[in-house]
Amino acid sequence: MKLGTKFIHAGAEPDPSTGAIMTPIYQTSTFVQAAPGDHKGFEYARSQNPTRFALEAALAGIENGKFGLAFSSGVAATDAVIKLLQPGDEVIAGADMYGGTYRLFSKVFARFGITFHYVDMQDAQNVAAVINDKTKLIWCETPTNPLMNIADIGALSALAKQHNLILVVDNTFASPYLQNPLDLGADIVMHSSTKYLGGHSDVIQGALVLNDQKLRDELYFIQKSCGAVPGPMDCFLVLRGIKTLHVRMQRHCENGREIAHFLRNHEAVERVYWCGFEDHPGYAVAQKQMRDFGGMMSFTLKDDSVENARRVLSSTHLFSLAESLGGVESLINHPASMTHASIPREERIKNGLTDSLIRLSVGIEDASDLIEDLRQAIG
Ligand SMILES: *Cc1c(COP(=O)(O)O)cnc(C)c1O
């Protein structure tokens, strides 16, 4: 089945009680039993909810996995994965990744005796170099947020299999339209559904998709035991978002390509970080594992003072200054003070995330209007 058909039909069954073509919002906390233990498979909505189950089936379908699990946020999905581990275990994570993931690892789970190594995953050898007997899991983001670095999922998967590790890929930036990590050998795909899957900046939600039954059972146990489940209304919104993912992503990619080239040719711009440029260090790998290059990018200005970056950030009219990404509307963001402020400054700068870096989430408006907006803002 081709992508667009899958995004519309994955997991979609008419409602068994009425035939409703759209999954109803089962806004209920509990389900009536005929006699103790005699029920229809639904007991209590933290454990089972028909709207969430429909979404989880759709999530599995669109990431070519067997099982989907939905969480109340992206970080709740990440939290559930790390709870598979024990004190003493070690995790290898990317040096350049979403600030909230870094915060969860370094400020919360480090206190529970789990050790995290942060390495540049553009070269799988850097990962191989820190694997030891205690290593249990590799946490990979590709493309990375916000520097758009690319990791080779196939190479990391080979390492993971060799050392019996769980490879998790945060596929939020690419979305399943551009990349399917399970097909490339990952064990778990994680999403902040808040971004491209929801697509309309109106919901916070997270997802995991995987193939292994035992791992799925452990994660389902964590999901119901720890309780970070999304409500049925939010599940409905993500289900609806997924149905237009391919149409939106196609436009995100077209606009992204135009804007990346516009910025690169602008005399006041120093450097554009977008993985669709042939001279991007990860281009060959991106071309191998992605279908296109998406609408996320970052750039720096020749005048690289923080004041100049702040001036541009405050001068756009169509690009709204806000955290988050992946919605239909364009956003502009200052990672150093917004999305990545939880990473210590020296760490950030060591990894190339400077104080003057500007990140764009290119929306699906008309590219010419977006370019005009950036032109007047950069000045
Ligand atoms: C936003 C984001 C997350 C966290 O997801 P929430 O839904 O905000 O909890 C994780 N990874 C990436 C790449 C993100 O952009």
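Our structure's up above, just so we're on the same page.
Residues numbered from 1 in each chain as written. Predicted model: local features only at pLDDT ≥ 70, side-chain atom pairs only at ≥ 80, totals over all residues. Heavy atoms only, no water.

Colleague: I'm lost on the site of the ligand in this one. Help?
Modeller: Around the ligand, the surrounding shell holds 14 residues, and the nearest of these are V75, D170, S192, T194 and K195. Here an oxygen atom of the ligand sits 2.9 Å away from a polar atom, N or O, in the main chain of G74. Interatomic distance of 2.7 Å between a side-chain N/O atom of D170 and a nitrogen atom of the ligand. About the coverage of the ligand: the protein hides 94% of its 380 Å² of free accessible area. Elements supplying a minimum of two residues to the shell around the ligand: α3 (74-82) and β6 (188-192). For the shell around the ligand, the class distribution of residues is four nonpolar, seven polar and three charged. (Near = heavy atom within 4 Å. Polar contact = N/O pair within 3.5 Å; in protein donor to acceptor, adjacent residues only side chain to side chain. Areas by Shrake-Rupley, 256 points an atom, 1.4 Å probe, with all protein chains shown as cover. Helix = DSSP H or I, 4+ residues; strand = E, 2+ residues; numbered from the N terminus. Nonpolar A, V, L, I, M, F, W, Y, C, P; charged D, E, K, R; others polar.)

Colleague: It is not clear to me how the pairing of strand β9 (residues 296-301) should be interpreted in this structure. Could you clarify?
Modeller: For a regular strand, side-chain orientation follows a simple rule: the groups alternate between the two sheet faces. Along β9, six of the six residues are buried, which leaves the element largely enclosed by surrounding structure. Side chains M296, S298 and T300 of β9 all project onto a buried face; the interleaved residues M297, F299 and L301 project onto the opposite face, where all are buried too. Across four bridges, the pairing between strand β8 (residues 269-273) and β9 is antiparallel. Each bridged residue has a counterpart across the sheet, and for V272 the counterpart in β9 is F299. The sheet contact formed by β9 and strand β12 (residues 358-361) spans four bridges and is antiparallel. Bridged to M297 within β12 is L360. (Buried < 20%, exposed > 50% of the residue type's maximum accessible area, 1.4 Å probe, protein only. Pairing = 2+ DSSP bridges.)

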